[in-house]
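Residues per chain are reported as follows:
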Amino acid sequence: MRNREIPKGLRDLLPDEVKIKRNIENQAASLFTGYGYEEVITPAFEYLEVIESGAGSNIREELFMFMDREGGILTLRPEMTVSIARLAATHMQDEALPLRLYYMGNVFRHVQPQKARYREFWQAGIELLGTKGPWADAEIITIAAKTLSTIGLSDFKISLNHIGIFNSILEESNMNHQDMALIRQLVESKDLVELSQVLESLPINERLKETIASLPVLHGGLETIGKIPYLEDSPKAREAVSELLKIYEALNTFGVIEHIVLDMGVLRGLDYYTGIVFEGYSPDLGYGLLGGGRYDNLLGQFGFPCPATGFALGLERTALVLKDKIEEPRRYLVGGTDFQAMVNKCDELRSSGFIAEMDTELRGRGELLKICEKKLDTNLVYID
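These numbers were taken from a predicted model, which means no experiment stands behind them.

Points about the sheet that holds strand β3 (residues 65-67)
Working definition: the strands of a sheet are paired by backbone hydrogen bonds and lie parallel or antiparallel to each other. The 3 strands are arranged β2-β4-β3 in an open sheet whose pairing can be described as antiparallel. Pairing within the sheet leaves two strands with one partner each, and these edge strands are β2 (45-47) and β3. Looking at each pair of strands side by side, their axes are set apart by 35 degrees on average, direction ignored. Judged from the 3 bridges that link them, β2 and strand β4 (residues 73-76) form a sheet pairing that is antiparallel. Paired with Phe45 across the bridge in β4 is Leu76. Contacting β2, β3 and β4, helix α2 (residues 48-55) runs over the sheet at an angle of about 85 degrees to β2.

Now the structure itself:
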């Protein structure tokens, strides 16, 4: 029946899925709060002008847009950082800096649905506004790593890069904007075959071609830096590398370096990134779990120029990795013939941290045992 369908790319969350999602949210919120971050909530939709002034006009093809009755063009938020920047510029310019903010919310993108990629999805994240330097970036990346650890992951990596390395190399190639956008897309998707073909067709020197072609496969430890062919010829790229190394050293001090790898192919898709960029991965899923970076120019678009950095965690993707790792309290079904005794027993079990359901229909022991057999994880307490 048509009235049971939901729009393409959306999904219902059943009880077991909601439990995992809430568990991730609660643990993340507790961790963020411990670092001094405070929760904010933004509207589910914004003016199109707000989103495009922050994320760039290239994002329009992924937006759900509609018009209000006053003629304004609105869009469901495609990510949270632009909305947080707008919120801070609107309400918090007189607050003492830095601002530490966190959020939990659903976002919307008109993409082709597939596993772990939906048109509505949930994010949890933090934004550190009003401070710059390696220690600020390292704090954000450290919290990203500790978030994954706290919710139950151990085998994960966070891939680190500096967008200035890639941008400097492309600027010195004198490509047009269209070619730059295509190269960026191919490097980020690690499409080595098409990247090679496109580079061959461009009128740039061979050393630059060699450098760009190598970026998607340059990853590992500090030795990765020495493998960038064009680095010594680009002062701007060397400056970006210097910043990257300072952040890497700071992460060692924070004690999360075991989870960090350098990856010259990590670029992130949004236009607002200006410095460090990173993505978190688990070998159990072929998609990124989290991503973020520095975006020093974004708040200036809303009249509040200040440096900023942050990250967002994808809750659905993380839930796919954690689906077999959530432990619940023991569950009881309390039945019998004495309602007062049943109520007292349920209260006793709940105060001890257990889950207690009470049979409100006074069913017999045999019928309740069949229910427990069906639920598998439920134990029967029967009070005569």
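That was the structure; now back to the text.
Some remarks on helix α6 (residues 177-188)
Counted at 1.5 Å a residue, the expected span for α6 with its 12 residues is 16 Å, and the 17 Å between its end C-alpha atoms agrees. Of the residues making up α6, those classed as buried are Ile183, Arg184, Leu186 and Val187. Along the axis of α6, the buried positions cluster into a sector of 170 degrees, meaning they face one direction only. In α6, the exposed positions that point more than 90 degrees away from the buried face belong to His177, Gln178 and Gln185. Positive backbone phi, approximately 55 degrees, marks Lys190, located one or two places after α6.

What about the packing of helix α5 (residues 163-171) against α6?
Between α5 and α6, the shortest axis-to-axis distance is 11 Å and the interhelical angle comes to 140 degrees. As summarised for this structure, α5 and α6 are arranged oblique, according to the angle between their axes. Between α5 and α6 lies a crossing of right-handed hand. Where α5 abuts α6, its residues Ile163, Phe166, Leu170 and Glu171 lie against Met180, Ile183, Arg184 and Val187.

Looking at the side chain of Lys209
Residue position: Lys209 is located in helix α8 (residues 206-214). Sequence-distant contacts of Lys209, that is, excluding residues within four places in its chain, are made with Leu199, Glu200, Leu202 and Ile204.

Description of helix α4 (residues 134-150)
When the terminal C-alpha atoms of α4 are compared, their 24 Å separation across 17 residues agrees well with the 24 Å that a helix rising 1.5 Å per residue should span. Across the 17 residues that make up α4, a large majority, 12, are buried. Looking at the residues trailing α4, positive phi occurs at Gly152, about 120 degrees.

Conventions and cut-offs
Along each chain, residues carry numbers from 1 onward, in the same order as the chain's sequence is written. Totals for whole chains, interfaces and linings use all residues, but because this is a predicted model, local features are given only for residues with pLDDT of at least 70 and pairs of side-chain atoms are given and counted only at 80 or more. Side-chain numbers come from the whole structure's heavy atoms, not from hydrogens or water. When DSSP locates at least two bridges between a pair of strands, those strands are taken to pair. The way it works is that DSSP assigns letters per residue, a run of H or I at least four long becomes a helix, a run of E at least two long becomes a strand, and they are numbered from the N terminus. For every element, the axis is a line fit to its C-alpha atoms; helices are fit only across the contacting stretch, and the angle between N-to-C directions ranges from 0 to 180 degrees. Note on contacts: a residue pair qualifies if any of its non-hydrogen atoms lie within 4.5 Å across the two residues. Given the number of residues in a helix, its expected span is that number minus one, multiplied by 1.5 Å. Each residue gets one of three labels from its accessible area relative to the maximum for its type: buried under 20%, exposed over 50%, partly exposed in between, using a 1.4 Å probe on protein chains only. Picture the helix axis, draw a direction to every C-beta atom, and the arc is the one those directions span. Oblique is the label for any angle not covered by the other classes, which are roughly parallel (under 35 degrees), roughly antiparallel (over 145) and roughly perpendicular (65 to 115). Rotating anticlockwise by less than a right angle from the far helix to the near helix defines a left-handed crossing, while the corresponding clockwise rotation defines a right-handed one.

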